[in-house]
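Secondary and tertiary structure notes
What follows is the residue order along each chain.
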Amino acid sequence: MANDLKKLSLAVQREVLSYESWLTATSGFRFDKLSRQSMLPTVSVYGNHKLKVDAVLVVGDNLRAAAEATDFLLHHKKMRGSYPEIICSPGFSTPAAVDFGYPAEWWLKVIMLVLGIPKELLKQHKLCFDRRDPCWNLTEFFAERRKIKTVVVFSSRGYSMTVAQELYQRIPRIRWIFFDNPMVQLEDRIFDTEDISSGGLEIDLLIGGMAHVWQDWGSFRYPLSAETRHNAPKMQPVKELLQRGYVLGLESGRDWDFFEEDAVKHIETIMARRNDLATGGQVRRRICGQIRKLIGQFAASV
């Protein structure tokens, strides 16, 4: 990675973490219900066991979501005597250039299996996903399963706003309830997509997310509430991060246009950043090591 990506001051780190909070659905997403704006329904890992949960959706922008979902599922089994259905999905915000070695939903199932979720439950649904639009496949899946009415979503901090926008816009019949993501301390972060240090990818993807949440309102994404729009990050500090080389999250001309930047002028940086990315066997070994660390974290918390 280029030298200018290696050092972030404490002030810039705090700024980046504010972007992460803003892009987390449980911190500000609102939807229309009975002619008024309602807050996003949320649940903790301990659940709300008066609530009948039909299914759990785990979204793979950040693989930590699988461990958080496992916490919830194990507690649900203990309290109610059964598991809800489990659906694992690719990330909604993962650029095509970012390679996990295997599909993200495969890794999610590996983590959940190792942490104690029964294999037969994880093998129940084998969806094939369009990586550019996983919500399309979920739309078809839920249309065929009318008995599923309430779904708890596990999507990580910094990524769940776009997930909420798409689910509420495109599959409105489901009662979507989101896991209330706790803040993960910087020293406890493991995966590249949650890492804001020099070797991480989160800053790139947060910047991409900032462009995406403003696009396709009313067709693919539910509009941001007035409150969320008012609290949007200021543009100039984000553009300064782009100038430093955090460019992997911008995939289309519209993304670059949103920041009033020309992708052609940044092409050398884009190619250098892509060349830095681990792929194939290299990234598989890297993620296996990260998963082992995650298992250790989980074991220490239970």
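Please refer to the structure higher up on the page.
Residues numbered from 1 in each chain as written. Predicted model: local features only at pLDDT ≥ 70, side-chain atom pairs only at ≥ 80, totals over all residues. Heavy atoms only, no water.

**Here we look at the overall build of the protein chain**
Rule in force here: Secondary structure counts use DSSP, requiring at least four H or I residues in a row for a helix and at least two E residues in a row for a strand, with both numbered from the N terminus. Note on method: radius of gyration uses C-alpha positions; expected globular size equals 2.2 Å times residues raised to 0.38. Residue burial is assigned from relative accessible area. The probe radius is 1.4 Å, only protein chains are included, and a residue is buried under 20% of its type maximum, exposed over 50%, and partly exposed in between. The contact criterion used throughout is that any non-hydrogen atoms of two residues lie within 4.5 Å. Note on areas: Shrake-Rupley, 1.4 Å probe, and residue coverage restricted to the protein chains presented here. In this count, Lys and Arg are taken as positive residues and Asp and Glu as negative ones, while His and the chain termini are left out. Lysine's charge is taken at NZ, arginine's at CZ, aspartate's at CG and glutamate's at CD.
Counting its secondary structure elements, the protein chain contains 12 helices and seven strands. Since a compact globule built from 302 residues should have a radius of gyration of about 19 Å, the 19 Å found for the protein chain is in line with a globular shape. Across its three principal directions, the C-alpha atoms of the protein chain cover 55 × 50 × 35 Å. Within the span of the protein chain, comprising 302 residues, buried residues form 51% of the whole. Within the protein chain, counting contacts between residues at least 6 apart in sequence, those at least 24 apart form 78% of the total. When the accessible surface of the protein chain is summed, it comes to about 14400 Å², and 52% of that surface belongs to carbon and sulfur atoms. Each charge class in the protein chain was averaged separately, 41 positive and 36 negative side chains, and the resulting centres sit 7 Å apart.

**What to know about the side chain of Asp 133**
Summarising the element assignment, Asp 133 is placed in the loop between α4 (119–122) and α5 (134–143). The contact partners of Asp 133, leaving out residues within four places of it in the chain, are Glu 166, Arg 170 and Phe 220.

**Things to note about α5**
Using the following cut-off: Think of it as the arc spanned by the lines of direction from the helix axis to the C-beta atoms.
Buried within α5 we find Pro 134, Cys 135, Asn 137, Leu 138, Phe 141 and Phe 142. All buried residues of α5 lie within an arc of 155 degrees about the axis, which places them on one face of the element.

**Thoughts on the side chain of Ser 160**
The line we're drawing: As used in this structure description, the phrase polar contact means that two N or O atoms lie within 3.5 Å; if the pair is within protein, one of them must be able to donate a hydrogen and the other to accept it, and residues adjacent in sequence are counted only when both atoms belong to side chains.
Residue placement: Ser 160 occurs in helix α6 (residues 160–170). Given the relative accessible area of 0%, Ser 160 is considered buried. A distance of 2.8 Å separates a polar side-chain atom of Ser 160 from the backbone nitrogen of Ala 25. In this view, Ser 160 contacts Leu 23, Thr 24, Ala 25, Ser 155, Phe 178 and Asn 181; residues no more than four positions away in its chain are not counted.

**Here we look at the nonpolar core**
Using the following cut-off: Residues belong to a common nonpolar core when they are buried Ala, Val, Leu, Ile, Met, Phe, Trp, Tyr or Cys residues joined through side-chain atoms within 4.5 Å.
With 50 residues, the main nonpolar core has Phe 29, Leu 57, Phe 142, Leu 167, Trp 176, Phe 178 and Ile 207 as its most contacted residues. Of all the secondary-structure elements, those providing two or more residues to this core are α1 (10–22), β4 (55–60), α5, β6 (150–154), α6, β7 (175–179), α7 (202–212) and α9 (235–243). Non-local contacts of Phe 142, meaning those with residues more than four positions away in its chain, are made with Ile 87, Ile 148, Val 151, Ile 171, Arg 173, Ile 174 and Trp 176. If you look at the next biggest cluster of nonpolar residues, it comprises 41 residues, including Val 43, Ile 111, Leu 201 and Ile 291.

**Things to note about the pattern of salt bridges**
To keep things clear, this is the line we draw: Salt bridge criterion: a side-chain nitrogen from Lys or Arg within 4 Å of a carboxyl oxygen from Asp or Glu.
Scanning all chains against the criterion turns up 16 salt bridges. The shortest N-O distance in the salt bridge between Glu 166 and Arg 170 comes to 2.9 Å. Of this pair, Glu 166 and Arg 170 both sit in helix α6, separated by four residues, roughly a single helical turn. In terms of burial, Glu 166 and Arg 170 fall into one category: buried. Its salt-bridge partner being Arg 273, residue Asp 204 comes within 2.5 Å of it at the nearest N-O pair.

**Here we look at the environment of Ala 299**
With respect to the helices, strands and loops of the structure, Ala 299 is situated in helix α12 (residues 280–301). You can call Ala 299 partly exposed: its relative accessible area is 48%. Distance in space between the C-alpha atoms of Ala 299 and Leu 115 is 8.6 Å, their sequence separation being 184 residues.

**Overview of the sheet that holds β4**
Within a beta sheet, neighbouring strands are joined by backbone hydrogen bonds and run either parallel or antiparallel to one another. Going by this rule: Two strands form a pair only when DSSP identifies at least two bridges running between them. To obtain an axis, a line is fitted to C-alpha atoms, over the contacting stretch when the element is a helix, and the angle between two such axes runs from 0 to 180 degrees between their N-to-C directions.
Read from one edge to the other, the open sheet built from five strands follows the order β3-β7-β6-β4-β5, with strand pairing classed as parallel. Both edges of this open sheet fall to β3 (42–43) and β5 (85–90), since each of them pairs with a single strand only. Here six bridges tie β4 to β5, and the two strands are oriented parallel to one another. Within β5, the residue paired with Val 58 across the bridge is Cys 88. Contacting β4, β6 and β7, α6 crosses the sheet at an angle of about 175 degrees to β7.

**Comments concerning the packing of α1 against α7**
Just so we agree on the cut-off: By the definition adopted for this analysis, an angle is roughly parallel if under 35 degrees, roughly antiparallel if over 145, roughly perpendicular if from 65 to 115, and oblique otherwise. Should the near helix be turned counterclockwise from the far one by less than a right angle, the crossing is left-handed, whereas a clockwise turn marks it as right-handed. When residue character is reported, Ala, Val, Leu, Ile, Met, Phe, Trp, Tyr, Cys and Pro are called nonpolar, Asp, Glu, Lys and Arg charged, and the others, Gly included, polar.
In the contact formed by α1 and α7, the axes pass within 10 Å of each other and the chain directions differ by 50 degrees. As far as their axial angle goes, α7 and α1 are oblique. Seen along the crossing, α1 lies across α7 with a hand that is left-handed. Seen from α1, the contacting residues are Val 16, Tyr 19, Glu 20 and Trp 22; seen from α7, they are Glu 202, Ile 203, Leu 206 and Met 210. Residues of the contact of α1 with α7, tallied by class, amount to six nonpolar, no polar and two charged.

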